[in-house]
Amino acid sequence: MGQLNGSVTGTGFGSIADFKIFWDDGSVGSYLGTLDHDIRLVGITFSVDDPVTQETFVSS
C-alpha cells in the first residue's frame, strides 16, 4: 500500500482530540481519542462515508 497524504482539521481540549483527515484519495477519516499515560493518542476512527464500521487506533 502506498503512502497517503491529507489535510487535518479538528480540535483538542486537555487530553481529548477530535479531528478529521481529508485524504488525497478523496476519503475522509474521523478520529476521536485521548492521550494515554504514555502520551500516545488512543481512540476510534471511521470513514465519514461508513460511520458504522469503526476501528480502534493507537499512535506511535
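A brief report on the enclosed structure follows. No experiment lies behind these values; they were computed from the predicted model shown.

1. Comments concerning the overall build of the protein chain
- Each helix and strand in the protein chain was counted, giving zero helices and five strands.
- Starting at the N terminus and walking to the C terminus, you meet the elements of the protein chain as β-β-β-β-β.
- Along the three orthogonal principal directions, the C-alpha set of the protein chain runs to about 35 × 25 × 20 Å.
- Counting over 60 residues, the protein chain shows a buried share of 22%.
- Restricting to contacts in the protein chain with at least 6 residues of sequence separation, those with at least 24 account for 5%.
- Here the protein chain displays about 4500 Å² of accessible surface, and carbon together with sulfur accounts for 59% of that area.

2. Describing the pairing of strand 5 (residues 50–58)
- Across six bridges, strand 4 (residues 41–47) lies against strand 5 in antiparallel orientation. Within strand 5, the position partnered with Phe-46 by the bridge is Gln-54.
- With antiparallel pairing between neighbouring strands as the criterion, strand 4 and strand 5 make up a hairpin whose turn holds two residues.

3. Things to note about the pattern of salt bridges
- Throughout the structure, instances matching the rule amount to two salt bridges.
- With its nearest N and O atoms 3.0 Å apart, the salt bridge here joins Arg-40 to Asp-36.
- Using a relative accessible area of 32% as the deciding quantity, one classes Arg-40 as partly exposed.
- Note that Arg-40 is salt-bridged to Asp-38, the shortest N-O span being 3.7 Å.
- Residue classification places Asp-38 among the partly exposed residues on the basis of a relative accessible area of 46%.
- Residues participating in the shared-partner salt-bridge network are Asp-36, Asp-38 and Arg-40.

Thresholds, definitions, all that
- Residues numbered from 1 in each chain as written.
- Predicted model: local features only at pLDDT ≥ 70, side-chain atom pairs only at ≥ 80, totals over all residues.
- Heavy atoms only, no water.
- Helix = DSSP H or I, 4+ residues; strand = E, 2+ residues; numbered from the N terminus.
- Buried < 20%, exposed > 50% of the residue type's maximum accessible area, 1.4 Å probe, protein only.
- Contact = heavy atoms within 4.5 Å.
- Areas by Shrake-Rupley, 256 points an atom, 1.4 Å probe, with all protein chains shown as cover.
- Pairing = 2+ DSSP bridges.
- Salt bridge = Lys/Arg side-chain N within 4 Å of Asp/Glu carboxyl O.

Remember that the coordinates give geometry; whether it matters functionally is a separate question.
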